[in-house]
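Residues per chain are reported as follows:
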Amino acid sequence: MFRRTSIYAVLIALLAVISFAVASTAQSATTTVRIMPLGDSITAAPGCWRAILWHDLQTNGYTNTDFVGSVPGNGCNYGYSYDHDNEGHSGYLATNIANQNQLPGWLSAAHPDVVLMHLGTNDVWSHLPTSTILAAYTKLIGQMRASNPHMAILVAQILPMNPSGCSDCSSGVVALDQAVPAWAAGLTTAQSPITVVDQFTGFNDATDTIGDGVHPNDAGFQKMAARWYPALAQVLDNLKPPPPPSTSPSSSPSTTPSTSPSSSPSTGGPGCTAAYQVVSQWAGGFQGGVTVTNTSAAASSAWTVTFTFANGQQITQSWSTALTQSAATVTAHNATYNGSLAPGASTSFGFIASWQTANVQPTVRCTLK
């Protein structure tokens, strides 16, 4: 009787362990990614790029995301609900946030996995030099990594601005934004990558703001969300666990990255693939993106992507690339900060374009140097 009871006890313990393991695996497969929008009034009040970005994530399958922060920044009415939590603080300077050690408390309360940082507008407006602002950025990055060593960080090249009474604001933004890519390259790590998001290019401080030359209007928020989305989507893709390798004897390794149903097949020269995707589409316009992957055994120093539209599509703005369009043919070169790709590494660029009667996706080709 004692022996049988002992066996039952062992079996019950084993079942408990197995159940815990299964539950843990299921939980890890559906882990929510916590995203903190960090900034000043452009993020907080009302910061409607957050609403648009949230909607874009949900409609494109990124449903395991949670915007976090201590500020309940609601107030955008686009006909859909959105997660309005953020860490945007009107009037705040990056330098003050760093010098007063305000960020660690926000991080410990929100526990983000990803930070979207658009900070520095008020620092430039306060006539602070670029070196001082970058020093504050560096301290904030250190605090993020102290909170989470695996923090994925997206840092914006901030919006252009031209407020009344600040004659040097425009040039101050340009100086800061030009310095950001090299600064980020010096701090990025495989464990905690820094992605630079170009919010400057294509934004007009006269027509895309509420009239003050600083704060975005609806058109400006649309542009901001369109810049954040492809960079954030790539980060979220990288956070997903890789698929298990095929064990079928007849299977051979694929050198083409998987794409969503809205993506065109990847093509390219030796050692390079490029995947085209329609991220979102609306009447008369769409947002597209291309992911370039170095599939060679050597690092690249530059890349070029080409494709030809078949339906008269015209690109009106682009980011993370030096892009030109001649008639139907589009040629995209790397930006100064994303040409170097290690073997197996990827980068992406995006664009906004018009379309009329059809929007057939083109065949994309890429080459490496």
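Our subject is the structure listed above.
Read on for an overview of the structure.

What counts and how
- Residues numbered from 1 in each chain as written.
- Predicted model: local features only at pLDDT ≥ 70, side-chain atom pairs only at ≥ 80, totals over all residues.
- Heavy atoms only, no water.
- Helix = DSSP H or I, 4+ residues; strand = E, 2+ residues; numbered from the N terminus.
- Buried < 20%, exposed > 50% of the residue type's maximum accessible area, 1.4 Å probe, protein only.
- Contact = heavy atoms within 4.5 Å.
- Areas by Shrake-Rupley, 256 points an atom, 1.4 Å probe, with all protein chains shown as cover.
- Core = buried A, V, L, I, M, F, W, Y, C linked by side-chain atoms within 4.5 Å.
- Disulfide = S-S within 2.5 Å.

**Focus on the overall build of the protein**
Step number 1: The helix and strand tally for the protein stands at nine helices and 15 strands.
Step number 2: Within the protein, the proportion of its 369 residues that are buried is 46%.
Step number 3: A separation of at least 24 residues holds for 72% of the contacts in the protein among residues at least 6 apart in sequence.
Step number 4: A total accessible area of about 17300 Å² is found for the protein, and carbon and sulfur atoms account for 58% of it.

**Observations regarding the nonpolar core**
Step number 1: Formed by 36 residues in total, the largest nonpolar core has its most connected members in Leu-38, Met-117, Tyr-137 and Met-144.
Step number 2: Counting only elements with at least two residues in this core, the list comes to strand 1 (33-39), helix 4 (94-99), helix 5 (103-110), strand 5 (114-118), helix 7 (130-147), strand 6 (152-157), helix 8 (169-187) and strand 7 (194-198).
Step number 3: Here this core takes seven residues from helix 7, the largest share from any one element.
Step number 4: Counting 33 residues, the second largest nonpolar core, distinct from the first, contains Ile-35, Ile-42, Ile-52 and Tyr-62.

**Focus: the state of the cysteines**
Step number 1: By the definition in use, this model includes three disulfides.
Step number 2: Residue pairing for Cys-48: its cysteine sulfur links by disulfide to Cys-76, the two sulfurs lying 2.0 Å apart. When the S-S torsion is -95°, as for the bridge of Cys-48 with Cys-76, the disulfide is left-handed. Pair noted here: Cys-48 is in the loop between helix 2 (41-44) and helix 3 (49-59) and Cys-76 is in the loop between strand 3 (71-72) and strand 4 (85-88), with a separation of 28 residues, a long-range link.
Step number 3: The class for Cys-48 is buried, based on a relative accessible area of 7%.
Step number 4: Sequence-ordered numbering of the disulfide-bonded cysteines in the protein gives the connectivity 1-2, 3-4, 5-6.

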